[in-house]
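# Chains, contacts and geometry: an overview
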Amino acid sequence: MTASIDDSPVQIAPKYRLGRWTRPALGLLLPLALAVFWELAVRFGLSNGRLVPPPSVIFTTFSDLWQTGELQAHAITTLWRVAAGFACGVAAGTVLGALAGYSGLLHRLVDPTLQALRSIPSIAWVPLFILWFGIFEASKIILIAVGVFFPVYLGVMGAVISVDRKIVEVGRVFRLSAFGMIRRILLPAVLPAYVIALRAGLGLGWMFVVAAEFLGASQGLGFLLVDGQQLGKPAQIVAAIVAFAILGKLTDWLIVAATTPLLRWQDVYGAAHQDS
Amino acid sequence: MLDINHVGKTYPNGVRALDGVSLTVNLGEIVVVVGGSGCGKSTLLRLVCGLDAPTDGSIRLDGTLISAPHERIGIVFQEPRLLPWLSVARNVGFGLEDRPRPERTSRVAAQLARVGLSDKARVWPRELSGGQAQRVALSRALVTRPEVLLLDEPFSALDAFTRVDLQDHLLDLWADQRPTLLVVTHDVDEAIVLADRILVMRARPGRVQEEIVIDLPRPRDRQSAAFDFAKRRVLNALDHSLDRRARAGDAETVLDEGAARWW
Ligand SMILES: Nc1ncnc2c1ncn2[C@@H]1O[C@H](COP(=O)(O)OP(=O)(O)OP(=O)(O)O)[C@@H](O)[C@H]1O
Ligand SMILES: [Mg+2]
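Residues numbered from 1 in each chain as written. Chains lettered and ligands numbered in written order. Predicted model: local features only at pLDDT ≥ 70, side-chain atom pairs only at ≥ 80, totals over all residues. Heavy atoms only, no water.

### Considering the interface of chain A and chain B
Interface size is commonly expressed as the accessible surface area that is lost when the partners come together. Opposite the 19 residues of chain A that make contact, chain B presents 21 residues. When the two sides are added together, the surface that chain A and chain B hide from each other amounts to roughly 2,000 Å², 65% of it contributed by carbon and sulfur. Considering only the side of chain A, the residues that lose the most area to chain B are F174, R184 and W265 of chain A, jointly responsible for 33% of the buried surface there. Summed over the shared surface of chain A and chain B, the result is 5 salt bridges. A salt bridge links E169 of chain A to R81 of chain B; its shortest N-O distance comes to 2.8 Å. With 7 residues, the single largest contributor to the side of chain A that touches chain B is helix α8 (residues 165-173) of chain A. Of the residues in the side of chain A that touches chain B, the class split is 9 nonpolar, 1 polar and 9 charged. (Contact = heavy atoms within 4.5 Å. Buried area = accessible area lost by both parts, 1.4 Å probe. Salt bridge = Lys/Arg side-chain N within 4 Å of Asp/Glu carboxyl O. Helix = DSSP H or I, 4+ residues; strand = E, 2+ residues; numbered from the N terminus. Nonpolar A, V, L, I, M, F, W, Y, C, P; charged D, E, K, R; others polar.)

### Some words on the sheet that holds strand β3 (residues 30-35) of chain B
Residues and elements named next belong to chain B. Within the open sheet, the 6 strands sit side by side as β6-β7-β8-β3-β9-β10. Their pairing is mixed. Edge positions in the sheet fall to β6 (73-76) and β10 (207-213), since each of these pairs with one other strand and no more. The average undirected angle you get between the axes of adjacent strands in this sheet is 20°. Sheet analysis places β3 next to strand β9 (residues 197-202), joined by 5 bridges and oriented parallel. Pairing of V33 across the sheet is with L199, part of β9. (Pairing = 2+ DSSP bridges. Axes fitted to C-alpha atoms, helices over the stretch in contact; angles between N-to-C directions.)

### With respect to helix α10 (residues 221-230) of chain A
All names here are of chain A. Burial analysis of α10 places 7 of its 10 residues in the buried class, the great majority of the element. Tucked inside the fold, the buried residues of α10 contact α3 (55-67), α4 (70-102), α9 (178-214) and α11 (234-259). Positive backbone phi, at 65°, marks G232, one or two positions downstream of α10. (Buried < 20%, exposed > 50% of the residue type's maximum accessible area, 1.4 Å probe, protein only.)

If you want it as structure tokens, here you go:
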């Protein structure tokens, strides 16, 4: 007993001495070690690196694609598709989610149908969308919009339904109109949940753009993946994956950066460790 | 004049929260409602401010039927209920949105100065102490200059000193604009400091059991014999409302027991 009491401060102290930068750096240790290991393994001939290209080859492929301008062109096409699908999905999800949350009647009317549709794996729509909208942009954007729609709809609806009645009563005491109630009470109250819904929607948007570009695209990062597979160029596949990762992280960060100033008022647990 | 006429309220779950409550409050009068837990005090305030509709009877302000929130009636809830996404100043100005900006700013500033929170105008509600938050809530209700102000146990979550402070403060503000005050409290001292009249309610169903007029001159001395006497009357009435028999022989014991446990 006494020993453990004496020991405890010694065990806790070093954990807190890890600085601001060493802690995130710790997370990089494993992937970096793996990369270095693989690079060396290929260099020393332990593997020919044909199916799993070493980091240096991936980097070369990446910068080659960049220099010819190919990568940018594909990335912009994909980005445009995600943006268009995301915008449509967010618009529909926000409006329907807000209505289904605000009005009990509308909730009973549309929610069961939407929940049923949600349980269909969205990729299952692909053949139908191709029949209906052709194999060009429209069907791709609609598929992405469908993917984005559901998390946004669910997030907005759930957030509106669970707005604190006590806060809504403050709005009623000050005799806000329906519009005033939405603008001055409901919207700000659901904003934190809305940001989460948008991020979830964006994540699915990136997932679905890959699915969409697998089906007969001649442009886009997804096409780069298929192309790499058909021509047996694994480095190109990995380069496209890296591009996806960068763009996904970047757009997610954009949402966070754009909304953080609007959420400074929050009094939440997470606020304490958000900066670190 | 606020006229509450044979008001009854049955909640959807069948609870008869109020039954045949009648009360007339004149402009500028302070009426305090006390009573055991669950006797319908909050329900009464919710009906008067139009958040709920009475099942029977009617509530009128100068002849107009109250069926929805009314601009001349304000309320301070038991919790501050500040909007966390608005600064303190914008919370206070919440009910002034339709006024021109210069008027709004000057009225909010004056009101905040009145409650001693001018330096907090720009902070978020989360950065306030409980007493400060309650003062902001009070300001939000007062800044629109309501004719009738309802207060539901406004100071019950505060420590004794802050509470006395805010009671005096409320009386100051009242002396300024002379609104009608309808106050619910669990604190007998608070009731006697504030009230022109005290209504003692009893439960199941909620109704008014006794009305005690407090005609002590203001400002009231909390230590005076007259204050103690009034306090004893109110505690006795409360004991009756809970069907506890006050023992005649030992008034002190009754006072202490009542004070400690009546609610
Ligand atoms: N929304 C509601 N639905 C159903 N019953 C309710 C509701 N609100 C209150 N009641 C019931 O009505 C009765 C009166 O409640 P009320 O809140 O008015 O009491 P109160 O006098 O304010 O009590 P307290 O002093 O504890 O705040 C209680 O029996 C309570 O259970
Ligand atoms: Mg109550």
